[in-house]
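Descriptive structure summary
Read off the chains here:
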Amino acid sequence: MKIEAIIKSNVSLSDAKKVILNILYTQNVVNDNFSELLKPYDLSGEQYNVLRILRGQKGCPANMCIIQERMLAKSSNTTRLIDKLLVKELVTREVCPDNRRKMEVLITQKGLDILAELDPKVEQHEHQFADNLNAEELIQLNFLLEKYRKIK
């Protein structure tokens, strides 16, 4: 469905405006679908992202700076996210022995177990959208989005 029909616009939109609206609308569709997938686990998308980052550390602790720089949403309040994951016992947080001003965060076995359960569901979520495109279109879309993101 064309973006003009979705937003019920009666005016002519420039292609530049249509791209922005399409990206924003698509982001909302993907996020809403992903939020529904995470709801039974009482996780937000940002919390899931933190768990994914910590799993990628392969048992090595991560400090807040490492987590923040790897977040998809750079504006996320990392400390608040970690606090919520601590309450759910999905991560541990300890003072760094080498630098007492740093906090080290590790994913717990419970966190790893939830990610293992979510992995096939997340993959299905990704394919739900990707299956609308062929392999060449997926490559082209990634290329175009990366190119579009570069601001001069």
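Now for a quick tour of the structure. (Residues numbered from 1 in each chain as written. Predicted model: local features only at pLDDT ≥ 70, side-chain atom pairs only at ≥ 80, totals over all residues. Heavy atoms only, no water.)

**Quick word on helix H7 (residues 135–149)**
What counts is decided by this rule: Strands here mean DSSP runs of E at least two residues long; helices mean DSSP runs of H or I at least four residues long; both are numbered from the N terminus. The span expected for a helix works out to 1.5 Å for each residue beyond the first. Under the rule applied, a polar contact is a pair of N or O atoms within 3.5 Å (in protein, one hydrogen donor and one hydrogen acceptor; residues adjacent in sequence only if both atoms are side-chain atoms).
Over its 15 residues, H7 runs 21 Å from end to end, which matches the ideal 21 Å to within 8%, given 1.5 Å per residue. Residue Asn134 occupies the N-cap position of H7, its side-chain oxygen lying 3.0 Å from the main-chain nitrogen of Glu136.

**So, the side chain of Asn49**
Rule in force here: The classification of residues rests on relative accessible area computed with a 1.4 Å probe and restricted to protein chains. Under 20% of the type maximum is buried, over 50% is exposed, and intermediate values are partly exposed. A contact between two residues is defined here by any heavy atoms of the two lying within 4.5 Å.
If you trace the backbone, Asn49 turns up in helix H3 (residues 45–56). Looking at Asn49, the relative accessible area reads 5%, which means it is buried. For Asn49, the contacting residues outside a window of four places in its chain are Arg70, Met71 and Leu72.

**Describing the nonpolar core**
The criterion, for reference: Think of a nonpolar core as a cluster: buried Ala, Val, Leu, Ile, Met, Phe, Trp, Tyr and Cys residues, connected wherever their side-chain atoms sit within 4.5 Å.
Counting 25 residues, the largest nonpolar core has Leu43, Val50, Leu51, Leu54, Ile67 and Leu118 as the members making the most contacts within it. In terms of residue count, the dominant contributor to this core is H3 (five residues).

**Remarks on the sheet that holds strand S1 (residues 62–63)**
Threshold: Pairs of strands are assigned from DSSP output, requiring at least two bridges between the strands. An axis is simply a line fitted to the C-alpha atoms; with a helix, the fit covers only the stretch in contact. Between two such axes, the angle follows the N-to-C directions and lies from 0 to 180 degrees.
Spatial ordering of the open sheet is given by S1-S3-S2, a layout of three strands whose pairing is antiparallel. Edge positions in the sheet fall to S1 and strand S2 (91–95), since each has one partner strand and no second. As paired strands, S1 and strand S3 (residues 103–107) are joined by two bridges and run antiparallel to one another. Paired with Ala62 across the strands is Val105, a residue of S3. Together, S1, S2 and S3 form the strand contacts of H3, whose direction differs from that of S3 by roughly 90°.

**Describing the side chain of Thr108**
Its place among the elements puts Thr108 in the loop between S3 and helix H6 (109–130). Reaching out from Thr108, the side chain makes a polar contact with the backbone oxygen of Glu89 at a distance of 2.8 Å. Not counting residues within four places of it along the chain, the set of residues in contact with Thr108 comprises Glu89, Leu90, Val91 and Thr92.

**Brief notes about the packing of aromatic side chains**
As a reminder of what qualifies: For Phe, Tyr and Trp, where Trp contributes only its six-membered ring, two rings pair if their centres lie within 6.5 Å, and the inter-plane angle classes them as stacked under 30 degrees, edge-to-face over 60, or tilted in between.
A complete count under the given rule lists one aromatic pair for this structure. With a centroid separation of 5.3 Å and an interplanar angle of 75°, the aromatic rings of Phe34 and Tyr48 are classed as edge-to-face. With Phe34 in helix H2 (residues 15–38) and Tyr48 in helix H3, this pair connects stretches of sequence that are 14 residues apart. There is no split in this pair, since Phe34 and Tyr48 are both buried.

**Some words on the environment of Glu104**
Take Glu104: it is sitting in strand S3. For the pair Glu104 and Thr92, spaced twelve residues apart in sequence, the C-alpha separation works out to 8.1 Å. Aside from chain neighbours lying at most four places away, what touches Glu104 is Pro61, Ala62, Thr92, Arg93, Glu94, Cys96 and Pro97.

**Comments concerning a nonpolar patch on the surface**
Applied cut-off: The patches described consist of residues with a relative accessible area above 30% and no salt bridge, like charges being joined within 9 Å and nonpolar side chains (Val, Leu, Ile, Met, Phe, Trp, Tyr) within 5 Å. Surface exposure here means Shrake-Rupley accessible area, sampled with a 1.4 Å probe, where a residue is shielded only by the protein chains that are shown. Any Lys or Arg side-chain nitrogen located within 4 Å of an Asp or Glu carboxyl oxygen qualifies as a salt bridge.
There is a patch of nonpolar side chains on the surface, built from Val19, Ile20, Ile23, Leu24, Leu133, Leu141, Leu145 and Tyr148 and spanning about 600 Å² of accessible area. Tallying contributions element by element places H2 first for the nonpolar patch, with four residues. Relative to the elements of secondary structure, Ile20 occurs in helix H2.

**Thoughts on the pairing of S3**
When S2 meets S3, the two strands line up antiparallel, connected through five bridges. Its bridge partner being in S3, Val91 is matched across the sheet by Ile107.

**A closer look at unusual backbone geometry**
A positive phi is found at Lys8, a non-glycine position, where the angle reads about 55°. Tracing the chain through its elements places Lys8 in the loop between helix H1 (3–6) and H2. The exposure class of Lys8 is exposed, given its relative accessible area of 68%. A positive phi is found at Glu89, a non-glycine position, where the angle reads about 60°. Considering the arrangement of structural elements, one finds Glu89 in the loop between helix H5 (78–87) and S2.

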